[in-house]
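Observations on the model geometry
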Amino acid sequence: MFRKMFALDSDSPLLKLSRVVIAFVALLPAMNALLLFDNSPSFIGAVLAIIVYALVFGALSLLTTAILGIVRARVQFRALAEADADGTGELERKRIKAQTIGNIIKLLEGLTSIACAVAFISGAAMIGVAAVIALAVIALIYKVTIKPMVDDYKLSFKNEVVKPALEEFLTDLDYRPTESIPYPDILASRLFPDHTECGGNDLIKAKYKDLSFTQSNVTMLDEREVMGDPENGGTTTTEKVVVFSGTLMIMDFDAFSDVPVAVRRRSGRPGKNDILTESDAFNKLFRTDAKDAVSALRILTPPVLEGFINASEKLKCPLEAAFRNDKLYITLANGDTLEANETGTRTISEQRERIKTEMRDILAVVDNIYISALIKNRAKPSGTDSTETSDK
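Residues numbered from 1 in each chain as written. Predicted model: local features only at pLDDT ≥ 70, side-chain atom pairs only at ≥ 80, totals over all residues. Heavy atoms only, no water.

1. Some remarks on the overall build of the protein
Each helix and strand counted, the protein has 13 helices and eight strands in total. Counting only residues that meet the buried cut, the protein has 41% of its 392 residues in that class. Across the protein, the fraction of contacts at a sequence separation of at least 24, relative to all contacts at a separation of at least 6, is 64%. When the accessible surface of the protein is summed, it comes to about 21,500 Å², and 58% of that surface belongs to carbon and sulfur atoms. (Helix = DSSP H or I, 4+ residues; strand = E, 2+ residues; numbered from the N terminus. Buried < 20%, exposed > 50% of the residue type's maximum accessible area, 1.4 Å probe, protein only. Contact = heavy atoms within 4.5 Å. Areas by Shrake-Rupley, 256 points an atom, 1.4 Å probe, with all protein chains shown as cover.)

Structure below.
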């Protein structure tokens, strides 16, 4: 939430600076609201100050985002000659058009939000009603005209940018942008508890270095009860929370043990009952869940441990895995990848390079954990580990 408020993920330094300035500017009307009653702070004044701050900050943020977006879009129209040269001109026009009209909608939303704030502070009921009606009309216009345009741009991006980028790395590619790994297959990993809702997209079935695997973006939602304020009756409400958003990969893995083994992110120091491997670096990064240590260490051989460590060092997101029913499940909490940027200044060519970078990171996990470890394990002479042979 904090990152979204101050646009920390944006590629525009000017937008980030504007959010900081707005945060300070919004304090002025909020302080006036705080001291509205008898020129002294009170509980009602504090609540009023929070509402005013949220309204002013939100309205000014929408305004500045819209204005900067419109200016950027007009500047980017001048660079269309380069896009026409590499064959992305039509898609680039769709992107700029969708962003420009979307920013105009944000501008109108910002103006009406300011009108709502003014009406709330001054008590002008008619202005407030007119502003609410205007917001409803803007929302209807967005749903009827702008959203289909944005959806068309996103689908075109998947077919014209994502698919060709994937074909550079994968063979026998079956790419379905609107589908996901089936819910029962997701739960079979046992990396997620049963959640009330599961969504996803960008289903990929392909081969990488003769390895067949399945992958898709997955979003898991859970319902959690939230206790209300006791002073207001303490009513308990239920809200949906995103508990995972990222990539799930499934591939066949002929493990040395039929006992399920899970590799989880470690939070805190190892406990006395934890299963520890021979690698201190692995033990610091991950927690091993298995029936017993012998079963876990049959699968988590030194090459596999090394693969997890190398993959974790290269990634910028949490990594977990499960060996179960002769399959290897890998999750990367890297958000909704392979998506088109609805906002920002990245051109189609720049976004294509971003997609390639994301796929390199994902496939590096396969290289480190699966391919390298499997080759090293299979290359191990049968008499090098007498304990393992006797266990078999």
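Still more ground to cover, so stick around.
2. What about unusual backbone geometry?
Positive phi is not limited to glycine here, since Lys-209 has a value of about 55 degrees. Of note, Leu-338 is a non-glycine position whose phi angle comes to about 60 degrees, a positive value.

3. Some words on a nonpolar patch on the surface
Where nonpolar side chains cluster on the molecular surface, the patch consists of Leu-14, Leu-17, Val-21 and Val-25 and spans about 350 Å² of accessible area. Mapped onto the fold, Val-21 is located in helix 2 (residues 13–25). Overall, the relative accessible area of 44% leaves Val-21 in the partly exposed class. (Patch = residues over 30% accessible without salt bridge, like charges linked within 9 Å, V, L, I, M, F, W, Y side chains within 5 Å. Salt bridge = Lys/Arg side-chain N within 4 Å of Asp/Glu carboxyl O.)

4. Overview of the nonpolar core
As a rule of thumb, nonpolar side chains are buried together in soluble globular proteins. Judged by nonpolar contacts, the single largest core of 50 residues is most densely connected at Phe-308, Leu-319, Phe-323 and Ile-330. Per element, the largest residue contribution to this core is 10 residues, and it comes from helix 12 (residues 348–379). Dropping the residues within four chain positions of it, Ile-330 is found in contact with Thr-247, Leu-248, Met-249, Met-251, Leu-319, Glu-320, Ala-321, Val-365 and Ile-369. With 12 residues, the next largest nonpolar core counts Phe-192, Leu-203, Met-220 and Ile-250 among its residues. (Core = buried A, V, L, I, M, F, W, Y, C linked by side-chain atoms within 4.5 Å.)

5. What to know about the confidence of the model for the protein
With 76% of its residues at a pLDDT of 70 or more, the protein shows a mean pLDDT of 78. With pLDDT under 50 throughout, residues 380–392 is counted as low confidence; its partners more than four residues away or in other chains account for five contacts. (pLDDT = per-residue confidence, 0-100.)

6. Notes on the side chain of Glu-92
Within the secondary structure, Glu-92 sits in helix 6 (residues 89–122). Looking at Glu-92, its side chain comes within polar contact range of the side chain of Arg-95, at 2.5 Å. (Polar contact = N/O pair within 3.5 Å; in protein donor to acceptor, adjacent residues only side chain to side chain.)

7. A few points about the packing of aromatic side chains
Within the structure shown, the criterion is met by six aromatic pairs. With a centroid separation of 5.9 Å and an interplanar angle of 75 degrees, the aromatic rings of Phe-282 and Phe-308 are classed as edge-to-face. Separated by 26 residues along the polypeptide, Phe-282 in helix 9 (residues 280–285) and Phe-308 in helix 11 (residues 302–314) bring together distant segments of the chain. Like Phe-308, Phe-282 is buried. Ring geometry for Phe-286 and Phe-308: centres 5.6 Å apart, planes at 65 degrees, overall edge-to-face. With Phe-286 in strand 6 (residues 286–290) and Phe-308 in helix 11, this residue pair connects regions lying 22 residues apart in the sequence. Summarising the burial analysis for this pair, Phe-286 and Phe-308 share the class buried. Taken together, Phe-282, Phe-286, Phe-308 and Phe-323 form an aromatic cluster joined through their ring pairs. (Phe/Tyr/Trp six-rings, centres within 6.5 Å; stacked < 30°, edge-to-face > 60°.)

8. Some details on the pattern of salt bridges
Inspection of the entire model under this criterion finds 18 salt bridges. Asp-152 is the salt-bridge partner of Lys-94, the closest N and O atoms lying 3.2 Å from each other. With Lys-94 in helix 6 and Asp-152 in helix 7 (residues 125–167), this residue pair connects regions lying 58 residues apart in the sequence. Taking relative accessible area as the criterion, Asp-152 reaches 37% and is therefore assigned partly exposed.

9. Looking at helix 3 (residues 27–34)
Every buried residue of helix 3 is accounted for by Ala-30, Ala-33 and Leu-34. For helix 3, the angular spread of buried residues about the axis comes to 100 degrees, placing them on one side. In helix 3, the exposed positions that point more than 90 degrees away from the buried face belong to Leu-28 and Asn-32. (Arc of directions from axis to C-beta.)

10. With respect to the environment of Val-259
Looking at the secondary structure, you find Val-259 in the loop between strand 4 (236–252) and strand 5 (261–265). Under the relative-accessibility criterion, Val-259 is labelled partly exposed at 24%. Distance in space between the C-alpha atoms of Val-259 and Ile-299 is 9.3 Å, their sequence separation being 40 residues. If we skip the residues at most four places from it in the chain, Val-259 touches Lys-291, Ser-295, Ile-299 and Phe-323.

11. Details of the packing of helix 2 against helix 3
One way to put it is that helix 2 packs onto helix 3 with a least axis distance of 5 Å and a crossing angle of 20 degrees. If you check the angle between helix 2 and helix 3, you find them roughly parallel. Across from Ala-23, Phe-24 and Val-25 in helix 2, the residues of helix 3 making contact are Leu-27, Leu-28 and Pro-29. Residue composition of the contact of helix 2 with helix 3, by class: six nonpolar, no polar and no charged. (Axes fitted to C-alpha atoms, helices over the stretch in contact; angles between N-to-C directions. Parallel < 35°, antiparallel > 145°, perpendicular 65-115°, else oblique. Nonpolar A, V, L, I, M, F, W, Y, C, P; charged D, E, K, R; others polar.)

12. Points about the environment of Leu-63
Note that Leu-63 resides in helix 4 (residues 43–76). Residues Leu-63 and Ile-104, spaced 41 residues apart in sequence, show a C-alpha to C-alpha distance of 9.2 Å.

13. Notes on the side chain of Asp-202
Within the fold, Asp-202 resides in strand 2 (residues 197–208). The buried category is assigned to Asp-202, whose relative accessible area is 1%. Side-chain polar atoms of Asp-202 contact the side chain of Lys-158, separated by 3.0 Å. At 3.1 Å, the side chain of Asp-202 forms a polar contact with the side chain of Asn-217. Setting aside chain neighbours within four positions, we find Asp-202 in contact with Lys-158, Tyr-175, Arg-176, Pro-177, Glu-179, Gln-215, Ser-216, Asn-217, Thr-337, Leu-338 and Glu-339.

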